[in-house]
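Geometric and topological summary
Read off the chains here:
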Amino acid sequence: MSHSTEVFRSLLSSTLQQGRGIASKGHSNRPEEPLELYDMEGCPFCRLVREALTDLDLDVMVFPCPKGGDRYRPLVERLGGKQQFPYLMDPNTGEALYESAAIIEYLYQQYGGRPAPKSWRLRLRTAAAIAASAPRGSRGIRCLDSQAPEKPLELYSFEASPFARLVRERLTELQLPYLLRQCGRDQWQDWVLPVVRKRLDMDYAPSQRNRVDLLARAGRIAVPYLVDPNTGKELFESEAILDYLDQTYGNGSPR
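In this report, the structure presented in the accompanying data block is examined.

The rules behind these values
- Residues numbered from 1 in each chain as written.
- Predicted model: local features only at pLDDT ≥ 70, side-chain atom pairs only at ≥ 80, totals over all residues.
- Heavy atoms only, no water.
- Disulfide = S-S within 2.5 Å.
- Buried < 20%, exposed > 50% of the residue type's maximum accessible area, 1.4 Å probe, protein only.
- Helix = DSSP H or I, 4+ residues; strand = E, 2+ residues; numbered from the N terminus.
- Pairing = 2+ DSSP bridges.
- Right-handed = clockwise from strand over helix to strand, strands pointing away.
- Axes fitted to C-alpha atoms, helices over the stretch in contact; angles between N-to-C directions.
- Contact = heavy atoms within 4.5 Å.
- Patch = residues over 30% accessible without salt bridge, like charges linked within 9 Å, V, L, I, M, F, W, Y side chains within 5 Å.
- Areas by Shrake-Rupley, 256 points an atom, 1.4 Å probe, with all protein chains shown as cover.
- Salt bridge = Lys/Arg side-chain N within 4 Å of Asp/Glu carboxyl O.
- Core = buried A, V, L, I, M, F, W, Y, C linked by side-chain atoms within 4.5 Å.
- Expected span 1.5 Å × (residues − 1).
- 1 Å grid on protein atoms, 1.4 Å probe; cavity = no way out; pocket = protein on both sides within 12 Å on 5 of 7 lines; lining within 4 Å.
- Points joined across faces, edges and corners; volume = space filled by probe spheres on them.
- Nonpolar A, V, L, I, M, F, W, Y, C, P; charged D, E, K, R; others polar.

Things to note about the state of the cysteines
All told, the structure shown has zero disulfides when counted by the stated rule. Unpaired in this structure, C46 has its nearest cysteine sulfur neighbour in C43, at a distance of 3.5 Å. According to the relative accessible area criterion, C46 is buried, its value standing at 0%. Between C143, a cysteine without a disulfide, and C65, which holds the nearest cysteine sulfur, the sulfur-to-sulfur distance is 11 Å.

Quick word on the pairing of strand β1 (residues 35-39)
Most of β1 sits inside the fold, with four of its five residues counted as buried. Here β1 pairs with strand β2 (residues 60-64) via five bridges, running parallel. Residue E36 lies in a different strand from β2, and its bridge partner there is M61. For the crossover that starts at β1, traverses helix α2 (residues 44-56) and ends in the parallel β2, the hand is right-handed. Where β1 and strand β3 (residues 87-89) come together, three bridges link them in antiparallel fashion. Bridge pairing in β3 places Y38 opposite Y87.

Details of the sheet that holds β1
Spatially, β4-β3-β1-β2-β6-β5-β7-β8 is the arrangement adopted by the eight strands of the open sheet, whose pairing is mixed. Only two strands of the sheet have a single partner each, and these edge strands are β4 (96-98) and β8 (233-236). Strand-to-strand twist in this sheet, taken as the mean axis angle between neighbours without regard to direction, amounts to 20 degrees. Lying on the sheet, helix α4 (residues 100-112) is in contact with β1, β3 and β4; it crosses β4 at an angle near 140 degrees. Taken strand by strand, helix α8 (residues 209-218) contacts β5 (153-157), β6 (178-182), β7 (225-228) and β8, and its axis lies near 115 degrees from that of β5.

Structural notes on a nonpolar patch on the surface
A cluster of nonpolar side chains, L193, V195, V196 and L200, forms an exposed patch at the surface whose accessible area comes to about 350 Å². Counting through the fold element by element, L193 comes out in the loop between β6 and α7 (194-199).

Brief notes about the nonpolar core
Across soluble globular proteins, nonpolar side chains have a tendency to be buried as a group. By size, the foremost hydrophobic cluster in this structure holds 38 residues, and its most contacted members are L107 and L245. For this core, the leading source of residues is α4, giving six residues. Ranked by size, the runner-up nonpolar core spans 14 residues in total, among them Y38, M61, F85 and L179.

A look at helix α9 (residues 238-249)
The terminal C-alpha atoms of α9 lie 16 Å apart, and with twelve residues this matches the ideal 16 Å at 1.5 Å per residue to within 8%. Those residues of α9 that sit buried are S238, I241, L242, Y244, L245, D246 and Y249. Buried residues in α9 make contact with α1 (3-16), β5, α6 (162-173), β7 and β8.

Section: the pattern of salt bridges
Across all of its chains, the model carries 21 salt bridges by this definition. E169 is paired through a salt bridge with R136; the nearest N and O atoms lie 2.7 Å apart. Of the two residues, E169 sits in helix α6 while R136 sits in the loop between α5 (119-133) and β5, which places them 33 residues apart along the sequence. Here E169 falls in the buried class, since its relative accessible area comes to 3%.

Description of the layout of surface pockets
Looking at the largest pocket, its volume works out to about 690 Å³. What lines the largest pocket is a set of 26 residues, among which L193, P194, I221, A222 and V223 lie closest to the centre. Broken down by secondary-structure element, the contributors of at least two residues to the lining of the largest pocket are α6, α7, α8 and α9. Broken down by element, the lining of the largest pocket gets its largest block of residues, three residues, from α7. A per-class count over the lining of the largest pocket returns 15 nonpolar, four polar and seven charged. Empty space within the second largest pocket amounts to approximately 370 Å³. Lining the second largest pocket are 17 residues, and of these K25, D55, Y108, P117 and R125 lie nearest its centre. Listing elements by their share of the lining of the second largest pocket, those giving two or more residues are α2 and α5. When residues in the lining of the second largest pocket are grouped by element, the largest group, three residues, is from α2. Looking at side-chain class alone, the lining of the second largest pocket contains seven nonpolar, two polar and eight charged residues.

In structure tokens form, the structure reads like this:
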């Protein structure tokens, strides 16, 4: 399937998310150590948690647990007693939780300083999250052969980005752990596409912390942006990143 077709299907998934997972309203308390999320990108219940993490502007270490995976799924069973996802561990408090609703309630209570979505809203969001999985089929669900990296990768992303989703799916399928650096939009200028900002010669100064860092690091702001400390490679553009992941950690053949 062509990359443009994959982007279109991913964009449809983003539309079905109904605007969630794009903006960051921030948090009142930032954890000292990154949270740990055992996750499948294509799982609708995991998506609800990732939407909350973007809203709260919380970075998280993601340990992908695709079906058939042998790196982190057994670990979750040893830690919590069953292979069920999402599974959140907070090294700052010692908390460990299954169930998306419980995890979301915990995140807003511990770090948000504001109420979590009410139960009826969460039920509506669950229906939308399930619908958002449909256009992607089995993407981000099943394991592919891969080599494990020595160090986790880093990905600048926000949940509803159709381009970043493609990369997160492949990271899941290849069981590649990564630090997800939130780049949610927190001012109106963030909603203007980079190419449009350039053409309009906008005086754009990001305020969201990882956008500030990305601009300093790479000279521009666009997601996804992958950093691989194992090779020193840093890349923009989803198609280039997917090819890099396949060649470096997969079997060399694009899916």
